[in-house]
Amino acid sequence: MKIGELYRAKIVELLEKKFKENKNIVFINIEGVSAVQMDSLRRQLRAQESQLLVSKNRLMRIAAKEREGIEQFLQSNTALLFAPDESLPASCKVIFDLMDENPALKIKGAFIEGKAVGKEKVEAISKLPSKAVLQSMVVNAVAAPMVSLLNTFNQVISKFLLTLEEIKKSKEKKKKVVNNKSLKEVQNGEVGRSCKDH
């Protein structure tokens, strides 16, 4: 076997493995995209835990022979985006953002959950919130009633403590008044006795 044949066989093997492991595959037209732009795209997608692979369409056809509907996406130069469910929206957003900067970059379509879909569906997915945003939304939705309940308890406890403080002040004030009266009575009584003694 020649080196070129071995190389192509390894690529087909890698692609077959990727096609079997991934339910979400986006097909991107990269005709007219520079190597520098491709490197930038790869870096951004890697940050989203996704992978971008470029290969000849002929090798992709061989590797994906079991995928129905793949032929429609294998025209012109093609890159494959393999993305797990949780990073698919963010990865698609990266591509659509770069499409604004570089009109040569185009989405051909995708396999989402193993089903062939068009560019419109991929664009809709790119507008979904990321997993982190969804998680924070769920946490906020779950936590909001508890926070409200805690605030209510805090208000009740604060009012109760304020009422106790007012009662305490009122009793201290009454006690002071009683003590002042008693002191005056005592003083008046002593003054009265001392007057009688003289």
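Here the structure is a predicted model, which means the values were calculated and not measured.

Help me out: how do you make sense of the overall build of the protein in this one?
Broken down by element type, the protein carries six helices and five strands. Each helix and strand of the protein, placed in order from N terminus to C terminus, yields the pattern α-β-α-β-α-β-α-β-β-α-α. The contacts in the protein between residues at least 6 apart in sequence include a share of 80% that link residues at least 24 apart.

Sorry if this is basic, but what is going on with the sheet that holds strand β5 (residues 115-117) here?
Hydrogen bonds between backbone atoms are what pair the strands of a sheet, whose relative direction is either parallel or antiparallel. Spatially, β2-β3-β1-β4-β5 is the arrangement adopted by the five strands of the open sheet, whose pairing is antiparallel. The open sheet has two edge strands, β2 (51-55) and β5, and neither has a second partner. For this sheet the average axis-to-axis angle between neighbouring strands, irrespective of direction, equals 25°. With five bridges connecting them, β2 and strand β3 (residues 78-82) associate as antiparallel partners. Paired with Val54 across the bridge in β3 is Ala79. Strands β1 (25-29), β3 and β4 (106-112) of the sheet are contacted by helix α4 (residues 88-101), whose axis makes an angle of about 170° with β4.

What am I meant to see in helix α1 (residues 3-21) here?
One full turn of an α-helix is made of 3.6 residues, so residues set three or four places apart face in the same direction. For α1, which comprises 19 residues, the first-to-last C-alpha distance of 27 Å matches the rise-based estimate of 27 Å (1.5 Å per residue) to within 8%. Within α1 the residues assigned to the buried category are Ile11, Val12, Leu15, Lys18 and Phe19. Down the axis of α1, the buried set is contained in an arc of 125°. They therefore lie on one face. Within α1, the exposed residues directed more than 90 degrees away from the buried face are Ile3, Lys10 and Lys20.

I tried to follow the side chain of Asn22 on my own but got confused; where do I start?
In this structure, Asn22 sits in the loop between α1 and β1. Within the structure, Asn22 has its side chain in polar contact with the backbone oxygen of Lys18 (distance 2.8 Å). Once you skip the residues sitting within four places of it in the chain, Asn22 turns out to touch Arg67, Phe82 and Ala83.

Explain the packing of aromatic side chains to me, please; I cannot follow it from the model alone.
By convention here, two paired aromatic rings are described through the distance between centres and the angle between planes. All chains considered together, the criterion is met by four aromatic pairs. Ring geometry for Phe27 versus Phe73: centroids 4.9 Å apart, planes at 20°, classification stacked. Of the two residues, Phe27 is situated in strand β1 and Phe73 in the loop between α3 (57-63) and β3; the sequence distance between them amounts to 46 residues. Considered together, Phe27 and Phe73 belong to a single accessibility category, that of buried residues. Between the aromatic rings of Phe73 and Phe111, the centroid separation amounts to 5.9 Å while the plane-to-plane angle is 85°, which identifies the pairing as edge-to-face. Taken together, the positions of Phe73 in the loop between α3 and β3 and Phe111 in strand β4 put the pair 38 residues apart, joining distant regions of the chain. Through a chain of ring-to-ring contacts, the aromatic side chains of Phe27, Phe73 and Phe111 assemble into a single cluster.

Scoring rules and cut-offs
Residues numbered from 1 in each chain as written. Predicted model: local features only at pLDDT ≥ 70, side-chain atom pairs only at ≥ 80, totals over all residues. Heavy atoms only, no water. Helix = DSSP H or I, 4+ residues; strand = E, 2+ residues; numbered from the N terminus. Contact = heavy atoms within 4.5 Å. Pairing = 2+ DSSP bridges. Axes fitted to C-alpha atoms, helices over the stretch in contact; angles between N-to-C directions. Expected span 1.5 Å × (residues − 1). Buried < 20%, exposed > 50% of the residue type's maximum accessible area, 1.4 Å probe, protein only. Arc of directions from axis to C-beta. Polar contact = N/O pair within 3.5 Å; in protein donor to acceptor, adjacent residues only side chain to side chain. Phe/Tyr/Trp six-rings, centres within 6.5 Å; stacked < 30°, edge-to-face > 60°.

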